[in-house]
Structure formats: C-alpha cells, structure tokens
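Descriptive analysis of the structure
Each chain, letter by letter, is given below.
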Amino acid sequence: MNAEEKNRYFQELTLNLQHEGFAVKPETEEGLLPIELDGQRLCLALDTGSVRYWREDTADDHRSAALDKAISITKTTAECMRQMETAPQLTASGLTGDYRLLAEFNNTVLAGHPSKYGIQFVTWEWVRNHTALYQGNYYGPEGGTDSYTAAKQNFAARSGLVPRSALFSPEQLTEVYRCIHETLESEYSITDERQKCLESAAEQIERCVPDLDERVALSNQKEVELTAKESPQDGGMQFS
C-alpha cells in the first residue's frame, strides 16, 4: 500500500469507525491510527487491515466487545479499499462521476462510488445491449461497513449467485434470534451439541444484523403491548 492508498484507507476507516461511535485520533509518527472508546485508548489500526492493542485496555466485557467491533470494521474496510483500488472504471450511458466496477455477473453489476462522506455502493442491471444501467439500489455512505455488506448481499441475490430463498431479512433473523435465546434460557434440557449449535447461530446473527439489540427490544415491546391489550381489565363488582 503506497502513501496515497494508505491515506485513502485511513480516511475511509475513520468515517466507518466514527459511524459506530469510536473516536479516531490523527495518525502517529509510526504510521498507526489511534482508536479510542469513551475517551480512552482502545487500539491502533495498521494499514494492513489489522490492529494492535494492550490487554489492559480490553479488561472488561464492554471494551472487549468494542475491540471485536473495531477489528471487524478495520478488516472489512481494508477488503473494500483493496477492491476499490484495483477495480476498473464503470462506464455507461448517462453515468457521470467516479464509479468503480467491483463485481459483475448475470447482467448485474456492483459498483463503488468514493466521496468525501465515504463510499457509496450501488447495484444495477445492464440494459440497451449492455450500454446503460437500470434500477439502481443504493447503500451508504452513511451506513459504514454495513452498507458494503448489504450491497454485496443484494448483488448476490439480484444476480442469482445466491437464491433469494436462502437469504433471511433482518426482521426474520431477529425473531430467530429471540427463539434461540428463549430455548437456551428455558428450563428444558438440551444436548451439548444442540446448545453449541444454537449459540453459534446466535453469534452469527449478531454479526449479520448491526442493529440487532434495537430490533429485539422493539419486538419485545410489541409483545408486551399486545399482552397488555389482550389482558382482561379490572371491572364488575368491587369489594372493600
């Protein structure tokens, strides 16, 4: 990675980290990017897509989980920027600006458009004998690395690389996640193999749905409200 590529990577990484609530300090003399959480040092990002950290900075569960999130963001951003740096320009009738062709399959394209706010991702279909693009689905840049992930999933389904029936919506995954935890937290006995399988599935859903906590809370609240609505109200004869 040359100096210009490193600068672009750190700029994109800074935006993606800030989107998730991290603070990013100026690059150090050693060429590392300091990442902070709640005003305290968390780790240092390298231009290779990896991070350095100190065990004492991740002693509790909250900071350990934050480190895992920061590592995921750096790896995903590094992957995305490697693709952007090597991707050819996308040219089509009526298309203006800097668009890079990240993937193409079955008359469907995935493109990346760099901007000062971050990279925007788009999926399109070719029309007019492969000269024009139609029906764009846009992702980001405000979504950070989640936009990149969502755009890749949309491209896979739209192009036919992955059957749409094999993909679950965030709403479906939220309810599956709730059912998994209801099973794990129940008093019924389950085998070790099944418990490990369910725990692994729950962890996978946590990585796939970025706002899972909010979705679970909303789903729970709707059921609480439904229960309160259906419960019989006090009434009739009163005694004292």
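Re the pairing of strand 6 (residues 108-113)
Taken across its six residues, strand 6 has six buried, putting it largely inside the fold. Side chains T108, L110 and G112 of strand 6 all project onto a buried face; the interleaved residues V109, A111 and H113 project onto the opposite face, where all are buried too. Two successive antiparallel strands, strand 5 (residues 100-105) and strand 6, enclose a turn made up of two residues, where N106 displays a positive phi of approximately 50°. Bridge count for strand 6 against strand 7 (residues 120-127) is six bridges, and the pairing is antiparallel. Residue pairing for strand 7: H113 is matched across the bridge by Q120. Once strand 6 ends, the chain turns through six residues before running back antiparallel as strand 7, passing G118 with a positive phi of about 120°.

A word on the environment of T191
Within the secondary structure, T191 is located in the loop between helix 4 (170-184) and helix 5 (192-208). Using a relative accessible area of 47% as the deciding quantity, one classes T191 as partly exposed. Looking at T191, its side chain comes within polar contact range of the main-chain nitrogen of R194, at 3.1 Å.

Side note on the nonpolar core
The biggest cluster of nonpolar side chains holds 30 residues, and the ones touching the most others in it are L13, L17, F22, L42, C43 and F121. Residue assignment for this core shows that the elements contributing at least two residues are helix 1 (3-19), strand 2 (33-37), strand 3 (40-45), helix 2 (61-86) and helix 3 (145-159). A total of eight residues in this core trace back to one element, the largest contributor, which is helix 2. In contact with F121, not counting residues within four places along its chain, are C80, L102, A111, G112, N137, Y138, Y139, S147, Y148 and A151. Judged by nonpolar contacts, the second largest core, of ten residues, contains L90, L101, A111 and V122.

Overview of the sheet that holds strand 2
The antiparallel open sheet is built from four strands, whose spatial order is 1-2-3-4. The open sheet is flanked by strand 1 (23-24) and strand 4 (51-52), the only strands paired with a single partner. Bridge count between strand 2 and strand 3: five bridges; the pairing is antiparallel. Residue pairing across strands places P34 opposite L44, the latter belonging to strand 3. Running at roughly 25° to strand 3, helix 2 makes contact with strand 2, strand 3 and strand 4 of the sheet.

Details of the environment of K69
Residue placement: K69 occurs in helix 2. Counting along the chain gives 125 residues from K69 to R194, while the straight-line C-alpha distance between them is 27 Å. Each residue touching K69, except ones within four places of it in the same chain, is listed here: E20 and F22.

Comments concerning the sheet that holds strand 7
Across the sheet, four strands lie side by side as 5-6-7-8; this open sheet has antiparallel pairing. Edge positions in the sheet fall to strand 5 and strand 8 (132-139), since each of these pairs with one other strand and no more. Strand-to-strand twist in this sheet, taken as the mean axis angle between neighbours without regard to direction, amounts to 25°. Relative to strand 5, helix 2 is tilted by about 95°, and along the sheet it contacts strand 5, strand 6 and strand 7.

A word on the packing of aromatic side chains
Throughout the structure, instances matching the rule amount to four aromatic pairs. Judged by centre distance (5.2 Å) and plane angle (45°), the ring pair of F121 and Y148 falls under tilted. Remark: Y148 occurs in helix 3 and F121 occurs in strand 7; sequence separation between them is 27 residues. We note that F121, like Y148, is buried.

Topic: unusual backbone geometry
Omega for the peptide link from G140 to P141 comes to 10°, which places this bond in the cis form. As for its position among the elements, P141 is in the loop between strand 8 and helix 3. Positioned with a positive phi, N106 is a non-glycine residue whose angle comes to about 50°. One can find N106 in the loop between strand 5 and strand 6. On the accessibility criterion, N106 (55% relative accessible area) is exposed.

How each quantity is defined
- Residues numbered from 1 in each chain as written.
- Predicted model: local features only at pLDDT ≥ 70, side-chain atom pairs only at ≥ 80, totals over all residues.
- Heavy atoms only, no water.
- Buried < 20%, exposed > 50% of the residue type's maximum accessible area, 1.4 Å probe, protein only.
- Helix = DSSP H or I, 4+ residues; strand = E, 2+ residues; numbered from the N terminus.
- Pairing = 2+ DSSP bridges.
- Polar contact = N/O pair within 3.5 Å; in protein donor to acceptor, adjacent residues only side chain to side chain.
- Core = buried A, V, L, I, M, F, W, Y, C linked by side-chain atoms within 4.5 Å.
- Contact = heavy atoms within 4.5 Å.
- Axes fitted to C-alpha atoms, helices over the stretch in contact; angles between N-to-C directions.
- Phe/Tyr/Trp six-rings, centres within 6.5 Å; stacked < 30°, edge-to-face > 60°.

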